[in-house]
Amino acid sequence: MTPKHLLLSAFALAAAVDLGSLAAGFDPGHTLAKPLLMPLLAGYAALSGAPRLLVAALLFGWGGDVFLLSDADPAFLAGMGSFAAGHVCYLLLFRAPGTQRPLLLAGYGVALTATVVALWPDLPAELRVPVAGYSLLLTAMAYRAGGRFGLLAGLGGALFMLSDTLIATGVAEWPQPPRPDLWIMLTYIAAQYLLTTGTLRALEARPGPAATHGEVRSTTP
């Protein structure tokens, strides 16, 4: 087994431990496994020849994961900021022209507006503007992922939106499904994996020197 496949297997194991711990209500397992997820996935991506922007996005996700292990408000804002930096990396990665999807854009616009309007009255006053700004950034990333790198990446972006919407409804103290952290992490892990594999597969499938990994890498120092 190659080093990159060892890292991918370790990521799958950490994901299983994390989700299993959340399902069983075993907090120490979640605390141990969650911080391992994104470094392992980032290592796999790096060894697979991923653009540096993709690796950076995953590592900013790791920062967000660590901050959100705390329930304190400053940690929540720091975590949101780290994830926002990751979305900026994704947007830079996806900024080259891709397929235009007006209906998808309209759908994301409606979803963003409806979510922010519905959540706004129930969010703490100091979080309303940061959450709205973050939601706009996340929605732009999700839309561009599908337009630039196809179905897998687009599905990853959509799942990222779902995961963060579940977090926001918890902050707003809306009714939650049983074990909400399990559903948040399940959709988040799937989102980051699909964004990673979708990007890698799309780049590998593009022939010619104008569509190699090097083209994408050239968007970052």
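Anyway, here's the lowdown on the structure attached to this text. What you see is a predicted model; the values in this text were computed from it and never measured.

Of regular secondary structure, the chain possesses 8 helices and 0 strands. For the chain, the α and β elements follow one another from N to C terminus as α-α-α-α-α-α-α-α. Relative to the compact-globule value of 17 Å for 221 residues, the chain shows a C-alpha radius of gyration of 17 Å, a close match. The principal-axis extents of the C-alpha atoms in the chain amount to approximately 50 × 40 × 30 Å. For the chain, long-range pairs separated by at least 24 residues make up 73% of all intrachain contacts whose partners lie at least 6 apart in sequence. Of the roughly 10400 Å² of accessible surface on the chain, a fraction of 73% belongs to carbon and sulfur atoms. For the chain, the distance from the average position of its 12 positive side-chain charges to the average position of its 12 negative side-chain charges is 17 Å.

All chains considered together, the criterion is met by 6 aromatic pairs. Here the aromatic rings of phenylalanine 83 and phenylalanine 160 are separated by 6.1 Å at their centres, their planes lie at 85°, and the arrangement is edge-to-face. Of this pair, phenylalanine 83 sits in helix α4 (residues 73–93) while phenylalanine 160 sits in helix α6 (residues 125–171), placing them 77 residues apart in sequence. A single burial state applies to phenylalanine 83 and to phenylalanine 160, both of which are buried.

Quick look at the layout of surface pockets now. In this model, the largest pocket occupies a volume close to 770 Å³. Lining the largest pocket are 32 residues, and of these Leu68, Asp71, Ile167, Asp181 and Ile184 sit closest to its centre. Mapped by element, the contributors of at least two residues to the lining of the largest pocket are α2 (27–47), α3 (52–67), α4, α6 and α7 (180–205). If you tally residues by element for the lining of the largest pocket, the top one is α6, at 7 residues.

Here we come to α6. In this model α6 runs just 11 Å from its N-terminal to its C-terminal C-alpha over 47 residues, more than 12% under the 69 Å that 1.5 Å per residue would give. Looking one or two places after α6, you find glutamate 173, whose phi comes out positive at around 60°.

This part covers empty space enclosed by the protein. Think of a ball as big as a water molecule: rolled over the atoms, this probe shows where empty space is left. Across all of its chains, the model carries 1 cavity of 30 Å³ or more by this definition. As a volume, the largest cavity reaches approximately 310 Å³. What lines the largest cavity is a set of 23 residues, and nearest its centre among them are Tyr134, Ser135, Asp164, Thr165 and Ala168. For the lining of the largest cavity, the elements supplying multiple residues, two or more each, are α4, α5 (102–119) and α6. Take the lining of the largest cavity: its biggest share by element is 12 residues, from α6. Partitioned by chemical class, the residues of the lining of the largest cavity number 16 nonpolar, 5 polar and 2 charged.

Put simply, α4 and α6 touch, their axes get as near as 12 Å, and they point 25° apart. Here α4 is positioned roughly parallel relative to α6, judged by the angle of their axes. As α4 packs across α6, the resulting crossing turns out to be left-handed. Here the contact of α4 with α6 is built from residues that sort into 21 nonpolar, 1 polar and 5 charged.

About the criteria used
- Residues numbered from 1 in each chain as written.
- Predicted model: local features only at pLDDT ≥ 70, side-chain atom pairs only at ≥ 80, totals over all residues.
- Heavy atoms only, no water.
- Helix = DSSP H or I, 4+ residues; strand = E, 2+ residues; numbered from the N terminus.
- Rg over C-alpha atoms; globule rule 2.2 N^0.38 Å.
- Contact = heavy atoms within 4.5 Å.
- Areas by Shrake-Rupley, 256 points an atom, 1.4 Å probe, with all protein chains shown as cover.
- Lys, Arg positive; Asp, Glu negative; His and termini not counted.
- Charge placed at Lys NZ, Arg CZ, Asp CG, Glu CD.
- Phe/Tyr/Trp six-rings, centres within 6.5 Å; stacked < 30°, edge-to-face > 60°.
- Buried < 20%, exposed > 50% of the residue type's maximum accessible area, 1.4 Å probe, protein only.
- 1 Å grid on protein atoms, 1.4 Å probe; cavity = no way out; pocket = protein on both sides within 12 Å on 5 of 7 lines; lining within 4 Å.
- Points joined across faces, edges and corners; volume = space filled by probe spheres on them.
- Expected span 1.5 Å × (residues − 1).
- Nonpolar A, V, L, I, M, F, W, Y, C, P; charged D, E, K, R; others polar.
- Axes fitted to C-alpha atoms, helices over the stretch in contact; angles between N-to-C directions.
- Parallel < 35°, antiparallel > 145°, perpendicular 65-115°, else oblique.
- Left-handed = near helix turned anticlockwise from the far one by under 90°.

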